[in-house]
Protein chains: 2
Amino acid sequence: MAGRIVTSVEVARRAGVSRSAVSRCFTPGASIAPETRDRVMKAAKALGYRPNAIARSLIAGRSRMIAVVIGYMENQFYPALLDRLARDLQDLGYRLLLFTGAPEGPSDALFAEILGYRVDGMILASTLLSSALADECRAAGVPVVLVNRTTDSADVSSVVADNRTGARAVAEFLLAAGHRRFGYVAGIASSSTNQDRETAFRERLAEAGIDTLLREDGGYTQQGARDATLRLLTRPDRPDAIFCANDHMAIAAMDAARVELGLRVPDDVSIVGYDDVGPASWPSYALTTVEQPVEAMVSAAVETLMARIAGEGAPERTVRIPGELVVRGSARRPVEGVTAVGGREIWRPQSLPRSAS
Amino acid sequence: MAGRIVTSVEVARRAGVSRSAVSRCFTPGASIAPETRDRVMKAAKALGYRPNAIARSLIAGRSRMIAVVIGYMENQFYPALLDRLARDLQDLGYRLLLFTGAPEGPSDALFAEILGYRVDGMILASTLLSSALADECRAAGVPVVLVNRTTDSADVSSVVADNRTGARAVAEFLLAAGHRRFGYVAGIASSSTNQDRETAFRERLAEAGIDTLLREDGGYTQQGARDATLRLLTRPDRPDAIFCANDHMAIAAMDAARVELGLRVPDDVSIVGYDDVGPASWPSYALTTVEQPVEAMVSAAVETLMARIAGEGAPERTVRIPGELVVRGSARRPVEGVTAVGGREIWRPQSLPRSAS
DNA sequence: AGAACGGATGCACACGTGTGCAAAGAGAAT
DNA sequence: ATTCTCTTTGCACACGTGTGCATCCGTTCT
């Protein structure tokens, strides 16, 4: 009795109808008489029948599956993203096919696997996408949305935080607090997110007349960030403010400064991150950071993807989600500009008018 | 040209062979002449052909997909588990269908969805499984493995840490350090993992003549753990050692004790967790905890699942993975029994002979 | 040279479902 | 009573692939 799978034929026989009638019972909007439907449903229940989604996908030409590729999971941002993504896709009746461990972008073999499953769409989070692979997707008719990465080598939709605005805000915040010697702990240099954050931060400092930014590579890993921070803070001209490309590294930076070097944060050195992941708000860190709103980013990504799945008319687009600078305890506070909003403190440049919500 | 999917028919036509020959080229071990294979492969490459995994699944009767259900993702243990799981399954040629947000167990609707996709197996992490649903799986011939949960209401395979031994070790460790007043921050009471850890901890204390254990419910959440810790530590007879059902809560407990109450850890109160997740080793916490080896647990789970997929002969079994008590700074150290092994310090009961590795 | 053998190839069926089309049936309108 | 309309139902085809079976061909052995 184990492994016995019931098909619509058996249900039809038991209900005394044709197989088509069974199919129509499980197809919303199909023409079926109420009493026939009842009889079929009763037979289906008794036999434990469930329509075979594989066969349905084959005939329908779409699988209702979305491939999700995530580079790495150590950074808390990605589990949070994945969690939200799974929920949203489930609510829309889609299944999530997960692929992981591809920080440098999916390999050709992996890519072939994904395309072989005839997924209705792909979401790539924190992953590079070569234009060759993007072309392959276009040829196969599979819409793609990048999350937390953009690419200018190919015309692909993407959802990112407004990294340039965020990084400029960090620079202004630190300048307003009186800092003059800055350090930057970089992520992977080829990632668009790191590029945007780094160049915008550097630009805003330059606008304030500060041309030297000490830069060390953290590679988006905690070990790398620790080493980078130690290098920065053991220099004779050590910076008194460090901006880390993300929270994951900022936490390692704080530990390196406080525990390994015995420095006080923020008295001896201010540390600011980016993302506002869960641990950033843990009291032992109380990290000042720029939020990267997971829900909004996922909503935008899913919406963009669904628009492109629905019709060919939807254009490729890049969505930039703004995020507030959340003020906690890891960086010196400017005397002005910090306001309490919704149970947390945020900072907005004083010169600009206050935007909505 | 977009959305055009190439089938084996077109490849066959271009290569001047039958469709069967094309199929055999993509079936390892099939009988095919080398030069035919070359011609077919060349045609496939030119047309961008990839075998349709959906159709293949339909004919083969198995989808090479494994459904993974995870209760929640806040606790770092689960992303780590998922990451490892995805890698292992990928290496074995299986795809991972992810479902999330079901801490109380998958709903009937979700379950029907999963079964509809004719997955070859299911892995349920931190999720309850009713015996009715277990029976449904058995009837459908879908092997199931629980991870980090056991059930005695149904005969289902599972992989768990050796929670009883681990919790006993914690009790002995704290007793050896001279503690006498204990608190326990519980997880969800119905979860087997919490039950095992709590009862074993309590039993070992009782064996030492200590019958009072102050218990507060943390519900596996950080908010719950914070509240529970505050309740424990503001009592007149406050405990000087707290065991939390997992690290996720232990971290919140440390923050509540140190930041909110101004207590020193471990001088005023020792705090011990369970899991050894990433943040446990962050220097700001340096949590003393019992490891729950992710790799070993995932390996065991995958192995168990594969055995049951391969043949009906494999019996249901429960695997218990042992884990060391990792000594860091969040709990008072006993004068004896702590040894350095492989770059970290672990503790083993002195009375017992030292086990291998 | 003929027989035996083994590898390669094509035919045709199967997997389980959705759906267009025609037929059938019932009810209403003339 | 006849015709028209609308709903319901069944037939048959399609989706893209794997594979058993028979056939064919080239090689080797007697």
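What counts, and where the lines are drawn
- Residues numbered from 1 in each chain as written.
- Chains lettered and ligands numbered in written order.
- Predicted model: local features only at pLDDT ≥ 70, side-chain atom pairs only at ≥ 80, totals over all residues.
- Heavy atoms only, no water.
- Near = heavy atom within 4 Å.
- Polar contact = N/O pair within 3.5 Å; in protein donor to acceptor, adjacent residues only side chain to side chain.
- Helix = DSSP H or I, 4+ residues; strand = E, 2+ residues; numbered from the N terminus.
- Nonpolar A, V, L, I, M, F, W, Y, C, P; charged D, E, K, R; others polar.
- Least-squares fit on C-alpha atoms with pLDDT ≥ 70 in both.
- Buried < 20%, exposed > 50% of the residue type's maximum accessible area, 1.4 Å probe, protein only.
- Contact = heavy atoms within 4.5 Å.
- Pairing = 2+ DSSP bridges.
- Axes fitted to C-alpha atoms, helices over the stretch in contact; angles between N-to-C directions.
- Core = buried A, V, L, I, M, F, W, Y, C linked by side-chain atoms within 4.5 Å.
- 1 Å grid on protein atoms, 1.4 Å probe; cavity = no way out; pocket = protein on both sides within 12 Å on 5 of 7 lines; lining within 4 Å.
- Points joined across faces, edges and corners; volume = space filled by probe spheres on them.
- Domains from an automatic or database assignment.

Caption draft 1: Structural detail: the protein's contact with DNA strand C. Neighbouring DNA strand C are 26 residues, the closest being S8, R19 and S23 of chain A together with S20 and T36 of chain B. Sugar plus phosphate: this is where 55% of the atoms of DNA strand C within 4 Å of the protein reside. In the environment of DNA strand C, a phosphate oxygen lies 2.5 Å from a nitrogen or oxygen atom belonging to the side chain of S23 of chain A. A distance of 3.3 Å separates a phosphate oxygen of DNA strand C from a polar backbone atom of N52 of chain A. Elements that contribute at least two residues to the surface near DNA strand C include exactly helix 2 (19-25) and helix 4 (53-60) of chain A together with helix 2 (19-25) and helix 4 (53-60) of chain B. Of the residues belonging to the surface near DNA strand C, the class tally is 11 nonpolar, 10 polar and five charged.

Caption draft 2: Layout of the protein's contact with DNA strand D. In the vicinity of DNA strand D, 26 residues are found, and the nearest of them are S20 and T36 of chain A together with S8, R19 and S23 of chain B. One of the backbone N or O atoms of A33 of chain A is found 3.1 Å from a phosphate oxygen in DNA strand D. Here a phosphate oxygen of DNA strand D sits 2.3 Å away from a polar atom, N or O, in the side chain of T36 of chain A. Listing elements by their share of the surface near DNA strand D, those giving two or more residues are helix 2 and helix 4 of chain A together with helix 2 and helix 4 of chain B. Per-class residue counts for the surface near DNA strand D are 11 nonpolar, 10 polar and five charged.

Caption draft 3: How the structure looks around the relation of the copies chain A and chain B. Mapping chain A onto chain B calls for a screw motion: a turn of 180 degrees about the axis and a shift of 0.1 Å along it, with 0.1 Å RMSD after fitting. Such a turn and shift between the copies fits a two-fold axis. Closest approach to the rotation axis among the C-alpha atoms of chain A is made by L97 of chain A, whose C-alpha sits 2.3 Å away.

Caption draft 4: Highlighting the side chain of E291 of chain A. Residue and element names in this part refer to chain A. Tracing the sequence through the fold places E291 in strand 10 (residues 288-291). Here E291 falls in the buried class, since its relative accessible area comes to 16%. There is a polar contact of 3.2 Å between the side chain of E291 and the side chain of R344. Ignoring any residue separated from it by four or fewer positions in sequence, one finds E291 in contact with Y274, D275, D276, G323, E324, V326 and R344.

Caption draft 5: View of the sheet that holds strand 9 (residues 270-275) of chain B. Residue and element names in this part refer to chain B. Spatially, the eight strands line up as an open sheet ordered 7-6-8-9-10-12-14-13, and their pairing is mixed. Single-partner strands in this sheet number two, and they are strand 7 (213-217) and strand 13 (338-341). By the bridge criterion, four bridges tie strand 13 to strand 14 (residues 344-347) in an arrangement that is antiparallel. Looking at the pairing, V341 lines up with R344 of strand 14. Sheet strands touched by helix 11 (residues 247-260): strand 6 (182-186), strand 8 (241-244), strand 9 and strand 10 (288-291). Its angle to strand 9, the strand with the most contacts, is close to 160 degrees.

Caption draft 6: Spotlight on the nonpolar core. Grouped together as the largest cluster of nonpolar side chains are 160 residues, with contacts concentrated most on L82, F201 and I271 of chain A together with L82, F201 and I271 of chain B. Apart from residues lying up to four places away in sequence, L82 of chain A is in contact with V68, I70, M73, L96 and L98 of chain A together with M73, L82 and L98 of chain B.

Caption draft 7: Region of interest: empty space enclosed by the protein. Residues and elements named next belong to chain B. In the structure shown here, the tally under the stated rule is six cavities of 30 Å³ or more. Reported here for the largest cavity is a volume of approximately 60 Å³. Around the largest cavity, the lining residues are Y72, N75, F77, Y78, N148, R149, T193, R197, Y220, N246, D275 and Q292. Elements that contribute at least two residues to the lining of the largest cavity include exactly helix 5 (77-91) and helix 9 (192-207). Counted by class, the lining of the largest cavity contains four nonpolar, five polar and three charged residues. Two domains each put at least three residues into the lining of the largest cavity: domain 2 (64-161 + 294-321) and domain 3 (163-292 + 324-347).

This is a description of form; function is not addressed.
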